[in-house]
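# Commentary on secondary and tertiary structure
Chain residues, written in single-letter form:
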Amino acid sequence: MNTTFPLIALTALAAWSVAGTNAALDPASPVADAVRSSAERAATNFIAAAEDMPAATYGFKPTPAQMSFGEAIAHMAAGNDAYCSSIGGVAAPKRSALAAGASKEALVARLKETFKFCESALAGVNDSRLHEKVAYFGEQTSRAAVMVSAAEEWAGHYSQIAIYLRLNGLVPPTAKPRAAQS
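Below or above, wherever it landed, is the structure these notes cover.

This next bit is on the nonpolar core. Of all hydrophobic cores here, the largest spans 42 residues; its most connected members are Phe46, Ile73, Leu111, Leu122 and Trp154. Those elements giving two or more residues to this core turn out to be α2 (30–52), α3 (69–88), α4 (104–122) and α5 (143–167). Every residue in contact with Leu122, bar those within four places of it in the chain, is listed here: Val35, Arg36, Ala39, Cys84, Ile87 and Trp154.

Dropping the structure here:
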């Protein structure tokens, strides 16, 4: 098995994720820093998108085969708990199940809770244990692989909901002009 590719992928992820951030980074943990940065960005963008979409449009789906906007938000919230507990080596919080068709308020609140959990679960992660095997949806794989998968998941589902926003005449958070900085 080629072990060079994962190292190159993780290095690229690290460089991409920390570009333009002002966070104090640990030079010994560029991958963990990159994943924390990616999670922070995902939290900002997902929460803003979830808040921007009108409650009446949470059931919107471009085609019958796709998840609705609300289902995508619920899916991401559940995924956050799974990914971040695995990466951080901590138990996911026990949360009550969200009912199918849960309200916008309930989904936004849950999304915020799960990103807060990610922040705390990822806080102590460093690069010294990237090789360790961790639980990953019923399998065992390296912590590094789960970190890359989490970043992919955040990016992929944000892209999905950004399209849903556009299809409803709304501008995704990442396409809005940034406030002028002094």
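Now that the structure is up, let's keep going.
Our next topic: α3. Over its 20 residues, α3 extends 28 Å from the first C-alpha to the last, a length consistent with the 28 Å expected when each residue adds 1.5 Å. The element α3 is extensively covered by neighbouring structure, given that 14 of its 20 residues are classed as buried. Just beyond α3, the residue with positive phi is Gly89, at close to 70°.

For α5, with 25 residues, the first-to-last C-alpha span of 36 Å sits near the 36 Å given by 1.5 Å per residue. Once α5 ends, the next one or two residues include Gly169, with phi positive near 75°.

Across the interface, α3 lies against α4 with an axial gap of 9 Å and an inter-helix angle of 15°. Of the possible angle classes, the one that applies to α3 and α4 is roughly parallel. Between α3 and α4 the crossing geometry is left-handed. Between α3 and α4, the residues in contact are Gly70, Ile73, Ala74, Met76, Ala77, Asn80, Asp81, Cys84, Ser85, Ile87 and Gly88 and Leu107, Arg110, Leu111, Thr114, Phe115, Phe117, Cys118, Ala121 and Leu122, respectively. Here the contact of α3 with α4 is composed, by residue class, of 13 nonpolar, 5 polar and 2 charged.

Summarising the sheet, strand β1 (residues 133–136) and strand β2 (residues 139–142) pair through 4 bridges and their orientation is antiparallel. Across the sheet, residue Tyr136 finds its bridge partner in β2, namely Glu139. Between β1 and the antiparallel strand that follows it, β2, lie 2 residues; Phe137 among them carries a positive phi value of about 50°.

Below, the discussion takes up the pattern of salt bridges. Here the structure, examined in full by the defined rule, presents 9 salt bridges. The residue Lys176 makes a salt bridge to Asp52 at a minimum N-O spacing of 2.6 Å. With a gap of 124 residues between them, Lys176 in the segment after α5 and Asp52 in helix α2 connect regions that are remote in the sequence. Look at Lys176 and you get partly exposed, because its relative accessible area is 36%. The salt bridge involving Arg95 is made with Asp81; its shortest N-O contact spans 2.6 Å. Of this pair, Arg95 sits in the loop between α3 and α4 while Asp81 is found in helix α3, placing the two residues 14 residues apart along the sequence. When its relative accessible area of 10% is taken as the criterion, Asp81 is described as buried.

Glancing now at the environment of Ala34. Position of Ala34 among the secondary structure elements: in helix α2. Judged by relative accessible area, which is 0%, Ala34 ranks as buried. For the pair Ala34 and Ala151, spaced 117 residues apart in the sequence, the C-alpha separation amounts to 9.1 Å.

Our focus in this paragraph is the packing of α3 against α5. How two helices pack is summed up by the angle between their axes together with the distance between the axes. Taken N-terminus to C-terminus, the directions of α3 and α5 make an angle of 165°; their axes are 10 Å apart at the nearest point. Between α3 and α5, the angle is such that the two are roughly antiparallel. Note on packing geometry: the crossing formed by α3 with α5 is left-handed. Where α3 abuts α5, its residues Phe69, Ala72, Ile73, His75, Met76, Asn80, Tyr83, Cys84, Ser86 and Ile87 lie against Arg143, Val146, Met147, Ser149, Ala150, Glu153, Trp154, His157, Gln160, Ile161, Tyr164 and Leu165. Residues belonging to the contact of α3 with α5 are distributed by class as follows: 14 nonpolar, 6 polar and 2 charged.

About the criteria used
- Residues numbered from 1 in each chain as written.
- Predicted model: local features only at pLDDT ≥ 70, side-chain atom pairs only at ≥ 80, totals over all residues.
- Heavy atoms only, no water.
- Core = buried A, V, L, I, M, F, W, Y, C linked by side-chain atoms within 4.5 Å.
- Buried < 20%, exposed > 50% of the residue type's maximum accessible area, 1.4 Å probe, protein only.
- Helix = DSSP H or I, 4+ residues; strand = E, 2+ residues; numbered from the N terminus.
- Contact = heavy atoms within 4.5 Å.
- Expected span 1.5 Å × (residues − 1).
- Axes fitted to C-alpha atoms, helices over the stretch in contact; angles between N-to-C directions.
- Parallel < 35°, antiparallel > 145°, perpendicular 65-115°, else oblique.
- Left-handed = near helix turned anticlockwise from the far one by under 90°.
- Nonpolar A, V, L, I, M, F, W, Y, C, P; charged D, E, K, R; others polar.
- Pairing = 2+ DSSP bridges.
- Salt bridge = Lys/Arg side-chain N within 4 Å of Asp/Glu carboxyl O.

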